[in-house]
Amino acid sequence: MRITAFVLACLAAVAAHAQSYPARPVTLVSTAPAGGSIDAVARLIATDLAKAIGQPLVVETKPGAGGNIAAEFVSKAAPDGYTIMISSSSTLTTNPHIYKSLPFDADKSFTPIIQPTRMNMILAVHPKLNVTSVEQFVAALKSQPGKLNFASGGVGTLQHVAAELFAMQTGTKASHVPYKGVAPAMTDLVAGQTDYMFDSATSVPHVKAGKLRALAVVGPDRLPALPEVATFKELGVAGMEAAAGYYAIVAPAGTPREIVDRLNAEMTKILKQPAVVERISAIGLEPHTSTPEQLGAALRNDRARLAQVIKAAGVSAQ
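Heads up: these notes are all about the structure in this document. Just so it is clear, the structure is predicted and the values come from calculations on it, not from any experiment.

1. Considering the overall build of the chain
Okay, step 1: Check the secondary structure of the chain and you find 12 helices and 11 strands.
Okay, step 2: A compact globule built from 318 residues should have a C-alpha radius of gyration of about 20 Å, and the chain, at 20 Å, falls within 12% of that.
Okay, step 3: Referenced to the eigenvectors of the C-alpha coordinate spread, the extents of the chain come out at roughly 75 × 40 × 30 Å.
Okay, step 4: Buried positions account for 55% of the 318 residues belonging to the chain.
Okay, step 5: Of all intrachain contacts in the chain linking residues separated by at least 6 positions in sequence, the fraction that spans at least 24 positions is 79%.
Okay, step 6: With an accessible surface of roughly 13400 Å², the chain has 55% of that area assigned to carbon and sulfur atoms.
Okay, step 7: A distance of 3 Å separates the average location of the 28 positive side-chain charges in the chain from that of its 23 negative side-chain charges.

Okay, structure coming up:
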């Protein structure tokens, strides 16, 4: 009887906490530095979410180690809804396969909230290469194996995996230059310090300004922001869709379901606003929503699916 009373008291406390949530500012931790597309989506959501929940929503960037720094921080935060995370799906799907050990459990340390966007990565090259098609680019890579280099937001990120997959599919070789996030990687690509990059969205304005050339998109469909750029499948390079990804918003494991549902409902409303859809599409991402269960299933399925790609490509953080 005493145990039953204790359990009921705990449930009542959790319910009371959820009903009063939020009573103070909420922190949305981003795995990427300011200036990248993850950061842009975080701040876009934060603006309207703060109004909806009646409390400030602070975006805090903790880049590095492919998102592991931010993920460790959030995994150890109190499961009370006041610390949540936005990341590329790769932090929770590819990292478990490329790092010998992680300071968190990708499957058990987090409670899924929502999938706010899908990524359709772009093969962006610097104009100095003087190539205007995938065919010409492959020829350039084959003429100087290992001499051209590609940037990424970090070892094991989907940008890295996409580049390694492309090399496998085309029989080419290049050197990898990892950065602490997409934004600094893009800065050096635009400056010509690197030769090419598979980018989730940050390259779109640079492509439109003529500072970079977009040769293809991963697919499976063309990007609304760059409708003239064909998919790899259309160009005869099969299998690149395996590198498609998305962004994920999660909370520490054990966060009350009432709080998760509240955040999911408010974010879903925000992500369906025409102005938000337009802004997300403009930066080269695909607006999306999901239930917590759908995001959880996607993360589990992709961890299994990408394991084979990572093994075949020999991607490792060591």
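2. Examining helix α12 (residues 292-313)
Okay, step 1: An ideal rise of 1.5 Å per residue puts 32 Å on 22 residues; α12 measures up with 31 Å between its terminal C-alpha atoms.
Okay, step 2: Buried within α12 we find Pro292, Leu295, Gly296, Ala298, Leu299, Asp302, Arg303, Leu306, Val309, Ile310 and Ala313.
Okay, step 3: Those residues of α12 that are buried are in contact with α4 (90-93), α5 (95-98), β4 (110-119), α7 (158-170), β10 (245-252) and α10 (257-271).
Okay, step 4: Once α12 ends, the next one or two residues include Gly314, with phi positive near 70°.

3. As for the environment of Gly153
Okay, step 1: Turning to its location among the elements, Gly153 is positioned in the loop between β6 (149-152) and α7.
Okay, step 2: Gly153 gets classed as buried once you look at its relative accessible area, which sits at 11%.
Okay, step 3: Residues Gly153 and Arg213, 60 residues apart in the sequence, show an inter-C-alpha distance of 19 Å.
Okay, step 4: Residues contacting Gly153, with those up to four places away along its chain left out, are Gln159, Tyr179, Lys180, Gly181 and Val182.

4. Notes on the packing of aromatic side chains
Okay, step 1: All told, the structure shown has eight aromatic pairs when counted by the stated rule.
Okay, step 2: Judged by centre distance (5.8 Å) and plane angle (55°), the ring pair of Phe166 and Phe198 falls under tilted. Placement of Phe166 in helix α7 and of Phe198 in strand β8 (residues 196-199) is noted, with a sequence separation of 32 residues between them.
Okay, step 3: On the basis of relative accessible area, Phe166 is assigned to the buried category, the value being 0%.
Okay, step 4: Judged by its relative accessible area of 1%, Phe198 is buried.
Okay, step 5: Among the aromatic side chains, those forming a connected cluster through ring pairs are Phe137, Phe150, Phe166, Tyr196, Phe198 and Phe232.
Okay, step 6: Over the ring of Tyr82 we find Arg24, and its NZ or CZ is 3.7 Å from the ring centre.
Okay, step 7: Directly above the ring of Phe73 sits Lys62, whose terminal nitrogen or CZ lies 4.4 Å from the centroid.

5. A short note on the pattern of salt bridges
Okay, step 1: As enumerated under the stated definition, the model contains 12 salt bridges in all.
Okay, step 2: Among the ionic pairs, Arg303 bridges to Asp107, the shortest N-O distance being 3.1 Å. One end of the pair, Arg303, is in helix α12; the other, Asp107, is in the loop between α5 and β4, with 196 residues separating them in the sequence.
Okay, step 3: A relative accessible area of 42% places Asp107 in the partly exposed class.
Okay, step 4: The salt bridge involving Asp302 is made with Arg305; its shortest N-O contact spans 3.1 Å. Here the residue Asp302 and the residue Arg305 both occupy positions in helix α12, the gap between them amounting to three residues, near one helical turn.
Okay, step 5: Residue classification places Asp302 among the buried positions, given a relative accessible area of 11%.
Okay, step 6: When its relative accessible area of 32% is taken as the criterion, Arg305 is described as partly exposed.

6. Examining the nonpolar core
Okay, step 1: Counting 69 residues, the largest nonpolar core has Ile113, Leu123, Phe137, Phe166, Phe198, Phe232 and Met267 as the members making the most contacts within it.
Okay, step 2: Here this core takes eight residues from helix α2 (residues 37-53), the largest share from any one element.
Okay, step 3: Once residues within four sequence positions are removed from consideration, Met267 is found in contact with Ile45, Leu49, Ile84, Ile113, Ile114 and Ile249.
Okay, step 4: In this structure, Ala151, Tyr179, Met197 and Leu223 belong to the second largest nonpolar core, which totals 18 residues.

7. Thoughts on the environment of Ile280
Okay, step 1: Residue placement: Ile280 occurs in helix α11 (residues 274-282).
Okay, step 2: Apart from the residues within four sequence positions on either side, Ile280 is in contact with Leu44, Thr117, Leu271, Leu285, Glu286 and Pro287.

Cut-offs and rules
- Residues numbered from 1 in each chain as written.
- Predicted model: local features only at pLDDT ≥ 70, side-chain atom pairs only at ≥ 80, totals over all residues.
- Heavy atoms only, no water.
- Helix = DSSP H or I, 4+ residues; strand = E, 2+ residues; numbered from the N terminus.
- Rg over C-alpha atoms; globule rule 2.2 N^0.38 Å.
- Buried < 20%, exposed > 50% of the residue type's maximum accessible area, 1.4 Å probe, protein only.
- Contact = heavy atoms within 4.5 Å.
- Areas by Shrake-Rupley, 256 points an atom, 1.4 Å probe, with all protein chains shown as cover.
- Lys, Arg positive; Asp, Glu negative; His and termini not counted.
- Charge placed at Lys NZ, Arg CZ, Asp CG, Glu CD.
- Expected span 1.5 Å × (residues − 1).
- Phe/Tyr/Trp six-rings, centres within 6.5 Å; stacked < 30°, edge-to-face > 60°.
- Lys NZ or Arg CZ within 6 Å of the ring centre and 35° of its normal.
- Salt bridge = Lys/Arg side-chain N within 4 Å of Asp/Glu carboxyl O.
- Core = buried A, V, L, I, M, F, W, Y, C linked by side-chain atoms within 4.5 Å.

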